[in-house]
Amino acid sequence: MTPAARAGAAIEILDEVIAAARGGGAAADTLISRYFSTRRYAGSKDRRAVRELVYRAVRGWAEAPPSGRAALLGIASGDPDLLASFDGSAHAPAPAPEGEAVSPPAEAMPKWLQPRLDPLVEPSEWPALMGRAPLDLRVNRLRGTREEALERLANAEPSPFSPVGVRLPDGTRVEETEAWRSGLIEVQDEGSQLLALACGAAADMTIVDLCAGAGGKTLALAAEMANRGRLVASDTDRGRLSRMRPRLERAGVSIVEPRLLDPGKERAALAELSGVADLVLVDAPCSGTGTWRRNPELRWRLTPERLARFVAAQAYLLELAWELVRPGGILVYAVCALTSEEGRGQAEAFGGRSSAVPEIAPIPGGRAAGPGRLLTPGHDGTDGFFVARWRRPC
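A.B. asks: Sorry, what's going on with the nonpolar core here?
C.D. replies: Buried together is how nonpolar side chains tend to be arranged in soluble globular proteins. Counting 76 residues, the largest nonpolar core has Leu-210, Val-280, Val-282, Leu-331 and Trp-390 as its most contacted members. The element contributing the most residues to this core is helix H14 (residues 304-324), with 9 residues. Residues within four places of Val-282 in sequence aside, it is in contact with Leu-210, Cys-211, Leu-317, Ala-321, Leu-331, Val-332, Tyr-333 and Ala-334. Core analysis: the next-biggest nonpolar cluster, separate from the first, contains 31 residues, Ala-7, Leu-14, Leu-31 and Leu-72 among them.

Listed below in structure tokens is the structure:
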């Protein structure tokens, strides 16, 4: 593909990404894969170049532009080589008349969202939300130690905060390593690792991972439990929950009970756990504002209405989880979000309407944010997370 044809392909994909963001469709990664699955003529260098163009455009616009052409022209206005690819040749975008190329706003944050961020997330930190996330791994203590992983992985180094964290150069093919195949390592952002460690999971506990998804934090909890005890991993998403089983087997985990929940009927499905759990983790559905480094098009998907739905769901899940905690037990709430409503505001509201006793989440890094702690890409180099922890009075 010529550079001009690559620009044309990027525009076609960006049109799909914009439509999906507005209509709740597939993620950008999925759309890129679908596009090239029917275009076998594109080589690996072409695919990589087009992907880079797409994500440059997505990162460049805080809010969805009117079209894929506008998206690419916006970033081309400061890139003469890219602008030259709008030459009207075969498979290339048409030339841009004077004045068509409009640069995106300089701010990385949608205007409507700016006043809703946690006060700690100042404008100086916003550019870090659009940076490249490092490739972090969690060492599975059931299979070995961090020292063993560092010896077996080329160019690996310890991550800054997590005692089980390893960092690799971007682009490393992790799944082709023997360390991954043997279950010694899992890809997991250091912030997620710290969140799991903040739970204080231990052997012989009864633990509920209420929003387990595909099991990333479930696996981390099981390792801290030394694969002893009971760990219920529940979710309402059958597809995500089904992806957990092969991960459990590879990690050598046998104590997990995956449990599919019907939305609105969760209490009935979890009734036998009421008041008996030593620990309940609520890694709640959220805006994902802390993960824009990995999923920059989430900025285009988020609306005030969708944020309000997340906040309502989080409050419901906190109430549901609190019913499962035994006297003296622990509830941990976490979101990969940087808004006040989902973080400190949600935690303060829950604390105000319950008998929960707040505790300091025992994690390195982060900053105090109301009753919890906030990790951010700009301050800690991790994905953005809010985490709070409470104990039920005896």
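A.B. asks: Is there a simple way to think about the pairing of strand S5 (residues 205-209) in this case?
C.D. replies: Counting buried positions along S5 gives 4 out of 5 residues, so the element sits mostly inside the fold. As paired elements, S5 and strand S6 (residues 229-235) share 5 bridges and run parallel to each other. Bridged to Asp-209 within S6 is Ala-233. In terms of handedness, the path from S5 via helix H9 (residues 216-224) over to S6 forms a crossover that is right-handed.

A.B. asks: Is there a simple way to think about the packing of helix H1 (residues 3-23) against helix H3 (residues 44-60) in this case?
C.D. replies: When two helices pack together, their arrangement is captured by the angle between the axes and the distance separating the axes. H3 packs onto H1 with a crossing angle of 55 degrees between their chain directions and a minimal axis gap of 9 Å. One finds that H1 runs oblique with respect to H3. The two elements H1 and H3 meet at a crossing, and its hand is right-handed. Residues Arg-6, Ala-7, Ala-9, Ala-10, Ile-13 and Leu-14 of H1 form the contact with H3, whose participating residues are Lys-45, Asp-46, Ala-49, Val-50, Leu-53, Val-54, Ala-57 and Val-58. Within the contact of H1 with H3, the residues separate by chemical class into 11 nonpolar, no polar and 3 charged.

A.B. asks: What is the right way to look at the sheet that holds strand S4 (residues 185-187) in this model?
C.D. replies: By way of backbone hydrogen bonds, the strands of a sheet pair with one another, either parallel or antiparallel. Strand order in this open sheet of 4 strands is S2-S3-S1-S4, and the pairing throughout is antiparallel. With one partner strand each, in any of the chains shown, strand S2 (157-158) and S4 form the two edges of the open sheet. Taken together, the 2 bridges between S2 and strand S3 (residues 165-168) define a ladder with antiparallel strand orientation. Across the sheet, residue Glu-157 finds its bridge partner in S3, namely Arg-167. Helix-sheet contacts for helix H8 (residues 190-198) involve strand S1 (135-139) and S3, and the interaxial angle to S1 is about 30 degrees.

A.B. asks: Looking at this model, I keep getting lost on the packing of aromatic side chains. Mind explaining?
C.D. replies: For any two aromatic rings, the description comes down to two numbers: the centre-to-centre distance and the angle of the planes. Here the structure, examined in full by the defined rule, presents 4 aromatic pairs. Summarising the aromatic geometry, the rings of Trp-322 and Phe-350 are spaced 5.7 Å apart at their centres and angled 85 degrees between planes, so their arrangement reads as edge-to-face. Linking Trp-322 in helix H14 with Phe-350 in helix H15 (residues 344-353), this pair joins segments that are 28 residues apart in sequence. Here Trp-322 matches Phe-350 in class, with each residue buried. Put simply, the rings of Trp-322, Phe-350 and Trp-390 pair up and form one aromatic cluster. Here the guanidinium or amino end of Arg-39 rests over the ring plane of Tyr-35, the centre of that ring lying 3.6 Å away. The ring of Trp-292 has Arg-299 lying over it, and the distance from NZ or CZ to the ring centre is 6.0 Å.

A.B. asks: What is the right way to read empty space enclosed by the protein from this model?
C.D. replies: Where empty space is left can be seen by rolling a probe of water-molecule size over the atoms. According to the stated counting rule, one finds 1 cavity of 30 Å³ or more in the structure shown. Counted as a void, the largest cavity has a volume near 40 Å³. Residue classes in the lining of the largest cavity are distributed as 4 nonpolar, 1 polar and 2 charged.

A.B. asks: Sorry, what's going on with the pairing of strand S8 (residues 277-283) here?
C.D. replies: As a general feature of sheets, a regular strand has side chains that alternate between the two faces. For S8, the tally of buried residues reaches 7 of 7 residues, placing the bulk of the element in the interior. The sheet contact formed by S5 and S8 spans 3 bridges and is parallel. Across the sheet, the residue bridging to Ile-207 is Leu-279, located in S8. As paired strands, S8 and strand S9 (residues 325-335) are joined by 6 bridges and run parallel to one another. In the strand pairing of S9, Leu-281 is matched with Val-332.

A.B. asks: Is there a simple way to think about unusual backbone geometry in this case?
C.D. replies: Outside of glycine, negative phi angles account for most residues, and trans bonds account for most peptide bonds. Within the chain, Asp-204 stands out as a residue other than glycine whose phi angle is a positive 70 degrees. Structurally, Asp-204 is set in the loop between H8 and S5. For Asp-204, a relative accessible area of 52% corresponds to the exposed category. In this model, Asn-227 sits at a positive phi of 60 degrees, which is unusual for a non-glycine residue. Tracing the backbone through its elements, the reader meets Asn-227 in the loop between H9 and S6. Relative accessible area serves as the criterion here: at 19%, Asn-227 is assigned to the buried category.

A.B. asks: Teacher, can you tell me more about the environment of Gly-351 here?
C.D. replies: Locating Gly-351 in the fold gives a position in helix H15. Assessed through its relative accessible area of 27%, Gly-351 is described here as partly exposed.

Cut-offs applied
Residues numbered from 1 in each chain as written. Predicted model: local features only at pLDDT ≥ 70, side-chain atom pairs only at ≥ 80, totals over all residues. Heavy atoms only, no water. Core = buried A, V, L, I, M, F, W, Y, C linked by side-chain atoms within 4.5 Å. Buried < 20%, exposed > 50% of the residue type's maximum accessible area, 1.4 Å probe, protein only. Helix = DSSP H or I, 4+ residues; strand = E, 2+ residues; numbered from the N terminus. Contact = heavy atoms within 4.5 Å. Pairing = 2+ DSSP bridges. Right-handed = clockwise from strand over helix to strand, strands pointing away. Axes fitted to C-alpha atoms, helices over the stretch in contact; angles between N-to-C directions. Parallel < 35°, antiparallel > 145°, perpendicular 65-115°, else oblique. Left-handed = near helix turned anticlockwise from the far one by under 90°. Nonpolar A, V, L, I, M, F, W, Y, C, P; charged D, E, K, R; others polar. Phe/Tyr/Trp six-rings, centres within 6.5 Å; stacked < 30°, edge-to-face > 60°. Lys NZ or Arg CZ within 6 Å of the ring centre and 35° of its normal. 1 Å grid on protein atoms, 1.4 Å probe; cavity = no way out; pocket = protein on both sides within 12 Å on 5 of 7 lines; lining within 4 Å. Points joined across faces, edges and corners; volume = space filled by probe spheres on them.

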